[in-house]
Amino acid sequence: SLKKQETITNLENTFIKQNIPKISIGDTVKVGVKIIEGNKERVQFYEGTVIARKNSSINTMLTVRKVFQGIGIERIFLIHSPKIDSIEILRSSKIRRSKLYYLRNLKGKASRLKQRFE
């Protein structure tokens, strides 16, 4: 059993991406997602605020929220997935929580986050 687990971990480590930026909660990110249309492949960008992150080696997930035409859209990305082309951090925010689920209940300017400058 231990040997099996070790083998699985070693296999997973070959698929872990090394060039991923340090993403923290509250960051505004631009995620490039590979999309196949017919026989063409293109990259579509999804821009929003990171409201949650789940860390578990290869299954690390980001929940990214954006408001489009007055409707909140949340999308969960597996950041080590081959479908993720790129992740770019546009801005960081001052945050005191690990999960920003409270943003779901805020509208308009109330849902803005204070910018953090490094």
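Check the entry above for the structure.
All of the points below concern the structure found in this document. Nothing here was measured: the structure is a model prediction, and the numbers come from that model. (Residues numbered from 1 in each chain as written. Predicted model: local features only at pLDDT ≥ 70, side-chain atom pairs only at ≥ 80, totals over all residues. Heavy atoms only, no water.)

1. Examining the pattern of salt bridges
- Summed over the entire model, instances satisfying the criterion amount to three salt bridges.
- Residue Glu 37 is joined to Arg 42 by a salt bridge in which the shortest nitrogen-to-oxygen separation is 3.2 Å.
- Judged by relative accessible area, Glu 37 falls into the partly exposed class, the value being 40%.
- Between Arg 65 and Glu 74 there is a salt bridge, with the nearest N and O atoms lying 2.9 Å from each other.
- Note on Arg 65: relative accessible area 14%, which makes it buried.
- Classification of Glu 74 by relative accessible area gives partly exposed; the value is 31%.
- When salt bridges that share partners are traced, they join Arg 65, Glu 74 and Arg 104 into one network. (Salt bridge = Lys/Arg side-chain N within 4 Å of Asp/Glu carboxyl O. Buried < 20%, exposed > 50% of the residue type's maximum accessible area, 1.4 Å probe, protein only.)

2. Points about a nonpolar patch on the surface
- The grouping of Phe 68, Ile 71 and Ile 73 at the surface amounts to a nonpolar patch, some 270 Å² of accessible area in total.
- Among the structural elements, Ile 73 can be located in strand β4 (residues 71-78).
- Residue classification places Ile 73 among the partly exposed positions, given a relative accessible area of 30%. (Patch = residues over 30% accessible without salt bridge, like charges linked within 9 Å, V, L, I, M, F, W, Y side chains within 5 Å. Areas by Shrake-Rupley, 256 points an atom, 1.4 Å probe, with all protein chains shown as cover. Helix = DSSP H or I, 4+ residues; strand = E, 2+ residues; numbered from the N terminus.)

3. Let's talk about unusual backbone geometry
- The backbone of Ser 57 shows a phi angle near 40°, a positive value even though the residue is not glycine.
- With respect to the secondary-structure elements, Ser 57 resides in the loop between β2 (40-54) and β3 (61-68).
- Residue Gln 69 is not a glycine yet carries a positive backbone phi of 50°.
- Checked against the element boundaries, Gln 69 lands in the loop between β3 and β4.
- Its relative accessible area of 70% is what places Gln 69 among the exposed residues.

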